[in-house]
Protein chains: 4
Amino acid sequence: MVHKDWKKILVPYENAIEELKVKFKSIRSELLSLGEYSPIEFVTGRVKKVSSILEKAKKYGVSEDEIEEKIEDIAGIRIMCQFVEDIYTVVDYIRERDGKDLEIFFEKDYINNFKDSGYRSYHVVIKYPIQTAMGPKVILAEIQIRTLAMNFWATIEHSLKYKYKHNIPDHINDRLKKSSDAAFQLDQEMSEIRHEIRQAQKMFEVKSNV
Amino acid sequence: MVHKDWKKILVPYENAIEELKVKFKSIRSELLSLGEYSPIEFVTGRVKKVSSILEKAKKYGVSEDEIEEKIEDIAGIRIMCQFVEDIYTVVDYIRERDGKDLEIFFEKDYINNFKDSGYRSYHVVIKYPIQTAMGPKVILAEIQIRTLAMNFWATIEHSLKYKYKHNIPDHINDRLKKSSDAAFQLDQEMSEIRHEIRQAQKMFEVKSNV
Amino acid sequence: MVHKDWKKILVPYENAIEELKVKFKSIRSELLSLGEYSPIEFVTGRVKKVSSILEKAKKYGVSEDEIEEKIEDIAGIRIMCQFVEDIYTVVDYIRERDGKDLEIFFEKDYINNFKDSGYRSYHVVIKYPIQTAMGPKVILAEIQIRTLAMNFWATIEHSLKYKYKHNIPDHINDRLKKSSDAAFQLDQEMSEIRHEIRQAQKMFEVKSNV
Amino acid sequence: MVHKDWKKILVPYENAIEELKVKFKSIRSELLSLGEYSPIEFVTGRVKKVSSILEKAKKYGVSEDEIEEKIEDIAGIRIMCQFVEDIYTVVDYIRERDGKDLEIFFEKDYINNFKDSGYRSYHVVIKYPIQTAMGPKVILAEIQIRTLAMNFWATIEHSLKYKYKHNIPDHINDRLKKSSDAAFQLDQEMSEIRHEIRQAQKMFEVKSNV
C-alpha cells in the first residue's frame with residue numbers, strides 16, 4: 001500500500017479524534033460551569049503512526065485489508081481522572097451514549113483485572129460514525145480511562161517497552177512493578193479521602209486559581 | 001428566569017458550537033491534507049449573549065418559553081470562504097449531511113437576494129442533536145456562510161447598528177452601501193480570476209508558508 | 001548543510017515566532033479588556049520552509065553562511081488591521097519597544113509606495129534576542145502589517161506567483177491589478193467611515209458576539 | 001480601589017503569564033525537536049483572582065498600595081516534571097536567564113525542606129519586565145516547579161484548605177499526610193528507574209504516540 005493511500009485512510013480517524021476530544025472535554029466544562037464535580041480531569045487523543053499500525057498488524061497476523069476492522073486502536077482517546085471511582089462514572093457516560101452518537105463494541109476492565117506487567121486502565125472500544133468530505137464512514141476507536149497515577153506509570157512502561165523492544169530485563173521489570181504498587185497505593189490513599197475532596201471541589205471550584 | 005437557569009439552558013449550545021466548529025474545520029484539514037482545494041477558509045462560532053437573546057425575543061414578541069424553538073441563532077457558526085462560488089460548495093456539504101449528524105431546518109440565500117442594507121451571506125438553519133451530561137437534546141443552530149469581503153462589511157455594519165441602536169443616520173447608511181458595493185466589486189474581480197487561483201492553490205499548497 | 005543542522009538553526013526562529021505572536025496578541029486583548037479600540041485584528045506567524053530559504057538565498061546570491069544575517073524573513077509575523085490608519089498605530093507601538101524587548105533594523109512602507117504588482121503592506125524588520133536551551137541568540141524577524149483587504153490580495157498573488165514560477169501571464173497580471181484596485185477602493189471607503197466605526201466599536205465591544 | 005482599576009493593574013500580569021508560558025513550553029518543544037530529553041512535562045499559568053489577592057493582603061497585613069511589591073504570586077507559573085531530578089535542571093535553566101529576559105528575586109526549596117503539611121515544590125520568584133500598550137513595567141511572578149505526584153497532592157490539599165477555611169480537621173490532615181507519603185514514595189521509585197527511563201525516552205521519542 002502506498003503512502004498516499006494511508007493518508008486517505010487515516011483522515012477520518014484524525015477527524016474522529018478531534019470530535020471525540022471535544023465531546024469529552026464538553027462534559028467536563030459543562031459540569032464545572034454548573035458547579036458540579038467533573039470526573040474528567042483532562043482528555044488527550046492521537047492517531048496511531050503508520051509504522052506502529054503495520055508492526056501491530058504483523059505481530060497479530062492481520063492482513064493489510066483487515067487492518068481497519070481488526071486493529072481497534074488506530075484512533076485512541078485517553079481520559080484522565082482524579083479517582084478510581086471517577087473512571088466508572090465516565091464509563092457510565094459512555095454507556096448512556098450507546099446507540100446515539102456512538103456504539104459500544106466491547107469493554108475491558110484492566111483495573112479489577114490488571115495485567116501481569118502492572119498495567120491498569122479501563123478500555124472501551126467503540127464504533128463511531130464520521131462524515132468526511134468523501135462521504136460517511138464508521139470507524140473503530142479505543143477509549144482508555146485511567147487515573148493520573150495509572151497514566152504516569154503507563155507512559156513510563158511504554159517508553160521502556162520500546163527501548164527493550166518488548167524484552168524488558170528482569171531487574172527493570174521488578175522496579176516497574178514496585179512503582180506500579182506505589183501508584184496503586186497513591187490511588188488508594190486518594191480514594192479514602194475522596195468523599196471529602198469531592199465535596200470540597202464541588203463547593204469551591206477553585207482549582208483553576210490554585 | 002434566574003441567572004442559573006440560563007447557564008443550564010446555554011450549556012448544550014456551547015457544546016454544539018464546539019462540535020460544529022471541529023466538524024467544519026475537519027473538512028478543511030481533510031481536503032488540504034489530500035492536496036485538494038478547500039472551499040472553507042476559516043470557521044468561527046459563538047453562543048448569543050443572554051442580553052441579546054432577550055432583546056431579540058422582545059423585538060419579535062417571542063415569550064421566554066418559546067425562545068429555544070423560535071430564536072434560531074442562539075448557536076451561531078460562521079464559515080468564511082475565499083470565493084462566492086465556494087459558498088455554494090459548502091452549502092452542498094451541509095446538504096449531504098442532512099439526516100445524518102444534522103438536519104436542515106431552512107435555508108436563506110442573502111447573496112442572490114441581498115438585503116436593502118447591503119448585507120450578503122448564505123444562511124442555513126439546522127437542527128442538531130447533542131449529548132449532554134444531563135441526557136440528549138436537539139437544538140437549533142444558524143450557519144452563516146460568507147466571503148471574507150462580505151464578513152468584513154457585516155462586522156462593520158453590526159458595530160454601527162449597535163452604536164445607533166438600529167437607527168443608522170442616512171449619510172452613514174449611504175457610505176455603508178458604497179462600501180458594500182466595493183466589497184461586492186472585490187468579490188467579482190476575485191471570481192473572475194478564481195479558476196486560475198484554484199488551480200494554483202491546488203497545485204501548490206503554499207499558503208501556510210506565505 | 002545536513003538536515004539535522006537546519007533543524008537546530010530554525011528552533012530559535014520557531015520560539016521567536018511564538019513569543020512575538022503572544023506579544024502582539026496581548027496588545028489586542030489588553031486594549032479590548034480596557035474598553036479601548038484595538039488597531040490589531042489578528043496576528044499570524046510562520047518560519048520559512050528550508051526549501052524557500054534556499055531558493056531565496058540562490059536567487060539573491062547569498063551564501064549558506066550568510067543566510068541568517070542576510071535573509072530577514074526566516075521568522076515572519078503578520079499583523080492584520082481593519083483600517084489603513086491602524087497600520088501606522090501598530091508601527092508606533094513597535095517603535096516604542098525599540099531598544100527594549102526588540103530593536104528595529106529597518107522599515108519599508110509599501111503602502112504609500114506600493115509595488116508595481118499592486119502589493120501593499122508595511123514591513124518592519126527587527127533584531128530579536130531569544131533565550132534557547134542552548135543559550136542566548138539574536139535573530140532577524142520581519143513584521144508585515146496590512147489591512148484585511150491587502151492580506152486577501154497578497155495571499156492570492158502569492159499563490160499565482162508559485163503557479164507561474166514568478167512569470168505570471170499578462171492577462172492574469174491585469175486582472176490582479178484590477179483586483180488590487182478593488183481592494184484599495186474598499187480600504188478607502190472603509191477609511192471614510194472609519195471615525196464613525198471606531199467610536200461605535202469603542203462604545204460597544206460587541207464584535208465577539210456578532 | 002474600584003473594579004476598573006484592578007482590571008488595569010492585572011493586565012500586565014496576564015500578558016506576563018502568556019509570555020512565560022510560551023517561553024517554558026518552547027524549551028520543551030526545542031529539546032524534543034532536537035531529539036533530547038525534556039525535563040519539562042507541561043506548563044500552566046494563572047493570574048490570582050482579585051478576591052484571593054485581597055484575602056492574602058489582609059492575612060499578611062499588606063496595604064493596598066504595597067500589594068504589587070509584596071505579594072509575589074499575583075502572576076503564577078507552574079512547571080510539571082516527571083522526576084525530582086528534572087526540577088533542579090529547570091531551576092538551572094531559570095538561573096541561566098538571570099539578568100537576561102528575567103531577574104531572580106529569591107528561591108525557596110520546599111522539596112529538601114518540605115512543609116509540615118506535606119507540601120513539596122521548588123519556588124523561584126522573579127522580576128519580569130513587560131511591555132504594555134501603556135508602556136514598560138516590571139512585575140513579580142512566582143514559578144513553582146514540581147513533579148506530577150507533588151502537583152496531584154497539592155491540588156487536593158488546596159481544595160481541602162478552601163473547604164475548611166484553612167482549618168482542616170485532624171483526621172483529614174492525617175490522611176493527607178499519608179497520601180503525601182505515598183506520592184513521595186512514587187517519586188522515589190520513579191527516580192530509581194529514572195536513568196533507564198531517560199535513556200529510553202531519549203532514544204525513542206515515542207510518547208506522543210503512546
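Residues numbered from 1 in each chain as written. Chains lettered and ligands numbered in written order. Predicted model: local features only at pLDDT ≥ 70, side-chain atom pairs only at ≥ 80, totals over all residues. Heavy atoms only, no water.

J.: Explain the side chain of D:Glu30 here, please?
T.: The topology assignment puts D:Glu30 in helix H1 (residues 3-33). The side chain of D:Glu30 is buried and forms no salt bridge, while D:Arg97, the nearest opposite charge, is found at 7.4 Å. Beyond its immediate stretch of four places on either side in the chain, D:Glu30 contacts C:Val11, C:Asn15, C:Thr132, C:Ala133 and C:Met134. (Helix = DSSP H or I, 4+ residues; strand = E, 2+ residues; numbered from the N terminus. Buried < 20%, exposed > 50% of the residue type's maximum accessible area, 1.4 Å probe, protein only. Lys, Arg positive; Asp, Glu negative; His and termini not counted. Salt bridge = Lys/Arg side-chain N within 4 Å of Asp/Glu carboxyl O. Contact = heavy atoms within 4.5 Å.)

J.: Help me understand the sheet that holds strand S2 (residues 75-81) of chain A, please; the structure alone is not making it clear to me.
T.: Residue and element names in this part refer to chain A. A sheet is described by the order of its strands in space; here 5 strands give the open sequence S1-S2-S5-S4-S3, paired in mixed fashion. The open sheet terminates on both sides in strands that have one partner only, identified here as strand S1 (42-47) and strand S3 (103-109). On average, adjacent strands in this sheet sit at an angle of 25 degrees to one another, irrespective of strand direction. In this structure, S3 lies alongside strand S4 (residues 122-132), joined through 6 bridges in antiparallel fashion. By the bridge assignment, Phe106 is partnered in S4 with Val125. Across the sheet, helix H4 (residues 84-97) touches S2, S3, S4 and strand S5 (135-147), and the angle it forms with S5 is around 160 degrees. (Pairing = 2+ DSSP bridges. Axes fitted to C-alpha atoms, helices over the stretch in contact; angles between N-to-C directions.)

J.: Is there a simple way to think about the arrangement of the chains in this case?
T.: One finds no contact between chain A and chain C; the C-alpha atoms of the two approach each other to within 20 Å at their closest. Separated in space, chain B and chain D share no contact, their closest pair of C-alpha atoms being 20 Å apart.

J.: Help me understand the interface of chain B and chain A, please; the structure alone is not making it clear to me.
T.: The parts lose accessible area when they come together, and the size of an interface is often stated as this lost area. Between chain B and chain A, the residue contacts involve 24 residues of the former and 24 residues of the latter. Both faces considered, chain B and chain A share a buried interface measuring about 2,300 Å² in area, 63% of it formed by carbon and sulfur atoms. When the buried surface of chain B facing chain A is broken down by residue, B:Glu30, B:Leu34 and B:Gln131 rank first, second and third, together holding 26% of it. At the boundary of chain B with chain A, the tally comes to 0 salt bridges. For the pair chain B and chain A, the number of links is 6 residue pairs in polar contact (both at pLDDT 80 or more). Breaking the side of chain B that touches chain A down by element, the ones donating at least two residues are helix H1 (3-33), helix H4 (84-97) and strand S4 (122-132) of chain B. The element best represented in the side of chain B that touches chain A is H1(B), accounting for 13 residues. When the residues that make up the side of chain B that touches chain A are grouped by side-chain class, the tally is 8 nonpolar, 6 polar and 10 charged. (Buried area = accessible area lost by both parts, 1.4 Å probe. Polar contact = N/O pair within 3.5 Å; in protein donor to acceptor, adjacent residues only side chain to side chain. Nonpolar A, V, L, I, M, F, W, Y, C, P; charged D, E, K, R; others polar.)

J.: Just to check I follow, could you spell out the pairing of strand S5 (residues 135-147) of chain D for this structure?
T.: For a regular strand, side chains alternate in direction, first toward one face of the sheet and then toward the other. Residues and elements named next belong to chain D. Counting buried residues along S5, 10 of its 13 residues qualify, which places the element largely inside the surrounding structure. When strand S2 (residues 75-81) meets S5, the two strands line up parallel, connected through 7 bridges. Paired with Ile79 across the strands is Ile145, a residue of S5. Pairing between strand S4 (residues 122-132) and S5: 11 bridges, direction antiparallel.

J.: When you look at the relation of the copies chain B and chain A in this model, what are you seeing that I'm missing?
T.: Taken together, a rotation about one axis and a shift along it account for how the two chain copies relate. Rotating chain B by 180 degrees and moving it 0.0 Å along the rotation axis overlays it on chain A with an RMSD of 0.0 Å. Those values place the two copies in the arrangement expected of a two-fold rotation axis. For chain B, the minimum C-alpha distance to the rotation axis belongs to B:Glu19 and amounts to 3.2 Å. (Least-squares fit on C-alpha atoms with pLDDT ≥ 70 in both.)

J.: What am I meant to see in the pattern of salt bridges here?
T.: Oppositely charged side chains are able to pair whenever their charged atoms sit close together. Scanning all chains against the criterion turns up 56 salt bridges over all chains. Put simply, A:Asp101 and A:Lys23 hold a salt bridge, and the shortest N to O gap is 3.0 Å. Here A:Asp101 is found in the loop between H4 and S3, whereas its partner A:Lys23 is found in helix H1 (residues 3-33), with 78 residues between them in sequence. For A:Lys23, a relative accessible area of 6% gives the class buried. Across the salt bridge formed by D:Lys161 and D:Glu157, the nearest N and O atoms sit 3.9 Å from each other. A residue pair is termed a helical-turn pair when its members lie 3 or 4 positions apart in one helix, as D:Lys161 and D:Glu157 do in helix H5 (residues 148-163) at 4 residues. Judged by relative accessible area, D:Lys161 falls into the partly exposed class, the value being 29%. Looking at D:Glu157, the relative accessible area reads 7%, which means it is buried. By sharing partners, the salt bridges in this structure join A:Arg46, A:Lys48, A:Lys56 and A:Asp73 into a single network.

J.: Help me out: how do you make sense of the sheet that holds strand S2 (residues 75-81) of chain B in this one?
T.: By way of backbone hydrogen bonds, the strands of a sheet pair with one another, either parallel or antiparallel. Residue and element names in this part refer to chain B. Here 5 strands make up an open sheet; going across it, the order is S1-S2-S5-S4-S3 and the pairing mixed. Each edge of the open sheet carries a strand with a single partner, namely strand S1 (42-47) and strand S3 (103-109). Strand-to-strand twist of the sheet, defined as the mean angle between neighbouring strand axes without regard to direction, takes the value 25 degrees.

J.: So what exactly am I meant to see when it comes to the packing of aromatic side chains here?
T.: Two measures describe an aromatic ring pair: the distance that separates the ring centres and the angle between the ring planes. Residues and elements named next belong to chain C. This model, assessed by the stated rule, comprises 16 aromatic pairs over all chains. Taking the centre distance of 5.7 Å and the plane angle of 80 degrees together, the rings of Tyr88 and Tyr122 count as edge-to-face. Taken together, the positions of Tyr88 in helix H4 (residues 84-97) and Tyr122 in strand S4 (residues 122-132) put the pair 34 residues apart, joining distant regions of the chain. With 6.3 Å between their ring centres and 50 degrees between their planes, Phe114 and Phe184 make a pair best called tilted. Here Phe114 is found in the loop between strand S3 (103-109) and S4, whereas its partner Phe184 is found in helix H6 (residues 170-192), with 70 residues between them in sequence. What makes Phe114 partly exposed here is its relative accessible area of 48%. A residue is classified by how much of its surface remains accessible, and Phe184, at 32% relative accessible area, is partly exposed. (Phe/Tyr/Trp six-rings, centres within 6.5 Å; stacked < 30°, edge-to-face > 60°.)

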